[in-house]
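# Descriptive structure summary
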Amino acid sequence: MKDSFCSYYTNSKDITSYMVSMLNLIDGDVLLEPAVGEGAFVQEILGRKKKITIDAVDIDINALNVLKHSVKENFGIDCNQDFFSSSIKKNKADIRVGCADSLLNEQLDFFAKSNGFYTKVVGNPPYGAWQDLDRRAVLKKKYDGAYVKETYSLFLLRCISLLKDGGVLSFIIPDTFLFLNMHTKLRKFILNETKIREILIFPSKFFPGISFGYSNLSIITLEKNSVKQTENLNNRFKVFKGFQSTREFSLVRKASPKHVKKYQFKQSDVLKNDNHRLLLTDNQPFVDGKVVLGDVADIVTGFYSGDNKKFIRVANESVKGSKGYDVVDLDKVYNSISLNGVDKDEAYVPYIKSSSLTKYCRLEGDWFVRWDKATIQFYNENKKSRFQNSSFYFKKGIGMPMVKSSVIRAFLMEGMVFDQSIVGIFPKDANKFYYLLALMNSDIVNELIHVINPTANNSSNYVKRIPYLEPNNKEDFDDISEKTKNIFEAMKKGDLEKARELHELVNGRISGIYKSFSLSA
């Protein structure tokens, strides 16, 4: 279940069993569960019948009351109290329960400053919880340099600091910490201060009661090793992905199913990657000194009116996503390219708001944005409107939707305003335009953008990081560019078969360029 603290409680026996087994519990362990919830991990640990101490902490008194009943014991729990004050014995374990904020608790602060206290940490920390501005300010001061808008990464950082050297942590969290820019410092810390033992990546729907659209879930198990950082950099770890059920988790170190993909990394190699990202791909054209797309093109997002239903119009009611939008009066549509607006009482210009149904050439012209002079003045003065990157409006560029799909369909755009949901790619050298159009529609770039950022969004900051490669000679470059131009012309004429044949040729050529580079690197 999920509560008001954005806690997703662990109700999967396969998950709890795998994670507790990764801890290798022994008599004498002192274990922390920093967001214990209703006690699924505690129940699993008690079943191991080890003589250990468990500190079960949660900010939610209601969850702790459920835990109290689940272990069939009566004990008092007071909020904001030292969690050593409520102690019970169960199945050889000494359980100390407290209602406290694990991120700010003073007792845990003392443990962190004392080079750790716990030999084991296990948890399913809250993720996605909103942090109000006052709390953010406190967390930002306490966790200098950390991304404080997201809770799970702070729990991970905090709990590593609470481990003794040699202590082991196993957490279930979203996999976004492996690649998003906001978690760069966290990745650097993990790679330098710990030895990663194993990471599992799996669909969020495996987790009972939730299903994220934007990312997968992961289980990371690591060992704190802050003294011998050279060992950490030389450490090799495995990442498993492609599971069809949680039952397969227990098989990864034995004989995992063929559909489960296994990757192996050396921590020093990951540290060298751009922003220390973990890149899960069989095709690795990522080397130091590489040229990226942002080096050869300006990559920006577009316009926001501040009130789309008021200022955006649709060609007709059959257009996908047009519910609630008024149909445009075609007599008020102009082909102006002026940033100052059309000198009319009411005027509209073509607008790119949605994804294209086809690659290369956008065949549909479904949307329009109000663009008369008075409205332009409103956009510039209105706090909600975002007249961002306006120098690129109406320019010749390549558009692609920010919302990711299984296949990228990049298209030529010119003489139009593009929406903030569209990523615009504008070559710094006009001669590279058609080569870039081919590149953005290739299978290899489709793979790379999913590797660089596997979430649901193609934000401009990640599109900029796509490795950029060209043929070794100008003749091949010009030939690919010419064929791509012919694809665009064929699409405009409706000759889809010719366009398809040319695309296959161009796509194969580009794949060969990247493959040969990867092999030589």
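That block above? That's the structure.
Residues numbered from 1 in each chain as written. Predicted model: local features only at pLDDT ≥ 70, side-chain atom pairs only at ≥ 80, totals over all residues. Heavy atoms only, no water.

## A word on the overall build of the protein
Each helix and strand counted, the protein has 17 helices and 20 strands in total. For the protein, the C-alpha atoms occupy an extent of roughly 80 × 55 × 35 Å along the three principal directions. Long-range pairs, those at least 24 residues apart, make up 69% of the contacts in the protein between residues at least 6 apart in sequence. Roughly 23700 Å² of accessible area belongs to the protein as shown, and the carbon and sulfur atoms make up 48% of that amount. Considering the protein, the positive charge centre built from 75 side chains and the negative charge centre built from 62 side chains are found 4 Å apart. (Helix = DSSP H or I, 4+ residues; strand = E, 2+ residues; numbered from the N terminus. Contact = heavy atoms within 4.5 Å. Areas by Shrake-Rupley, 256 points an atom, 1.4 Å probe, with all protein chains shown as cover. Lys, Arg positive; Asp, Glu negative; His and termini not counted. Charge placed at Lys NZ, Arg CZ, Asp CG, Glu CD.)

## Describing the side chain of Glu193
Turning to its location among the elements, Glu193 is positioned in helix α7 (residues 184–193). Buried and without a salt bridge, Glu193 has Lys224 as its closest oppositely charged side chain, separated by 6.9 Å. Beyond its immediate stretch of four places on either side in the chain, Glu193 contacts Lys224, Asn225, Ser226, Gln229 and Asn232. (Buried < 20%, exposed > 50% of the residue type's maximum accessible area, 1.4 Å probe, protein only. Salt bridge = Lys/Arg side-chain N within 4 Å of Asp/Glu carboxyl O.)

## Here's the deal with the side chain of Asp175
For Asp175, the location among the structural elements is in the loop between β6 (163–174) and α7. This buried residue, Asp175, is left without a salt bridge; Lys241 holds the nearest opposite charge, at 5.8 Å.

## What about the packing of helix α4 (residues 106–113) against helix α6 (residues 151–162)?
Direction vectors running N to C along α4 and α6 enclose 60°, while the axes themselves pass 7 Å from each other. Relative to α6, the element α4 is oriented oblique. Packed against α4, whose contacting residues are Leu108, Asp109, Phe111 and Ala112, the element α6 presents Arg158, Ser161 and Leu162 at the interface. Of the residues belonging to the contact of α4 with α6, the class tally is four nonpolar, one polar and two charged. (Axes fitted to C-alpha atoms, helices over the stretch in contact; angles between N-to-C directions. Parallel < 35°, antiparallel > 145°, perpendicular 65-115°, else oblique. Nonpolar A, V, L, I, M, F, W, Y, C, P; charged D, E, K, R; others polar.)

## Some details on the sheet that holds strand β15 (residues 360–361)
Strand order in the open sheet formed by five strands is β11-β20-β17-β18-β15, and the pairing between neighbours is mixed. Looking at which strands have only one partner, the edges of the open sheet turn out to be β11 (297–301) and β15. The strands touched by helix α13 (residues 433–440) are β11, β15, β17 (397–401), β18 (411–413) and β20 (422–427); relative to β17, the strand with the most contacts, the crossing angle is about 15°. (Pairing = 2+ DSSP bridges.)

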